[in-house]
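In case you want the letters, here they are:
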Amino acid sequence: MGLGLTLLALMAGLVVLQVSARNFADVGLPWADELARFSCIGLVFLSVPLLAGRGSLVAVTMLPDMLGPRAARWFGLVSDVATLAFAALLLWSFAEFLPRAGKFLTPAMRVPNWVYYSLALTGSLFLALVALERIVTTLRGGAPSAPYGETGEEEALKTA
C-alpha cells in the first residue's frame, strides 16, 4: 500500500513539475515524463495483484449472486483460472520481449529497458502467484475472497 502511494505521489509530482517547467520556464523535462510513466506502470502492475487477492479486481457478481453460493464458488474458480492464464501470458510475453529489448536504454534517463519494465514483470509474477493461491484455496474448500490482512474483528465491523 505504501509503495503504491509513493508511486502515485511521485507520478503526480513529476507531472506537475513537468507542466510547470514547460509553462513557466519554457523548459522541457523528458526525464520527468519517463519517470512518471515508470511510476504509472509500477502503480498499475503492483496494484493489480493486491486487488485480485482481495477479490475486487473485477467483481461482476449479479449472476453468481442469483444462483447461490455453490455457483458463486465455481464462477470465482473460473475467474481465477482466467486470471492465472492472463498472468501466464504476460510472463511469457515478458520472456519473449525482455531478452531482446531489455538491453536497450530508455531515451531520456538512459536506464536499461529490463529495469524500466521490472515493476510490470514483478506485478505479473505476483498476479500469477495470487491467482494460483486462490485456485488452490478454492479447490481445498476454502473461501479465497476473504481480503488479505483483515481479521475477524474488521469483518464483524463491516457487517455491523
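Residues numbered from 1 in each chain as written. Predicted model: local features only at pLDDT ≥ 70, side-chain atom pairs only at ≥ 80, totals over all residues. Heavy atoms only, no water.

J.: Just checking my understanding: could you explain unusual backbone geometry for this structure?
T.: As a rule of thumb, non-glycine residues mostly have phi less than zero, and peptide bonds are mostly trans rather than cis. A positive phi angle, near 55°, is found at Asp26, a position not held by glycine. One can find Asp26 in the loop between α1 (2-24) and α2 (30-53). Look at Asp26 and you get exposed, because its relative accessible area is 71%. Phi at Arg110 takes a positive value of approximately 60°, unusual for a residue other than glycine. Tracing the backbone through its elements, the reader meets Arg110 in the loop between α4 (69-101) and α5 (113-116). Look at Arg110 and you get exposed, because its relative accessible area is 52%. (Helix = DSSP H or I, 4+ residues; strand = E, 2+ residues; numbered from the N terminus. Buried < 20%, exposed > 50% of the residue type's maximum accessible area, 1.4 Å probe, protein only.)

J.: Quick question: what am I supposed to make of the environment of Met62 here?
T.: Residue position: Met62 is located in helix α3 (residues 62-67). Between the C-alpha atom of Met62 and that of Ala72, which follows or precedes it by 10 residues, the distance is 9.7 Å.

J.: Sorry if this is basic, but what is going on with the packing of aromatic side chains here?
T.: Where two aromatic rings form a pair, the distance of their centres and the angle of their planes describe that pair. Counted under the stated rule, the structure contains 3 aromatic pairs. An angle of 85° between the planes, with centres 5.7 Å apart, marks the rings of Phe97 and Tyr117 as edge-to-face. Placement of Phe97 in helix α4 and of Tyr117 in the loop between α5 and α6 (118-139) is noted, with a sequence separation of 20 residues between them. For Phe97, a relative accessible area of 34% translates into the label partly exposed. Measuring from ring centre to ring centre gives 5.5 Å for Tyr116 and Tyr117, while their planes differ by 85°; the resulting arrangement is edge-to-face. Judged by its relative accessible area of 5%, Tyr116 falls in the buried class. Tyr117 gets classed as partly exposed once you look at its relative accessible area, which sits at 26%. (Phe/Tyr/Trp six-rings, centres within 6.5 Å; stacked < 30°, edge-to-face > 60°.)

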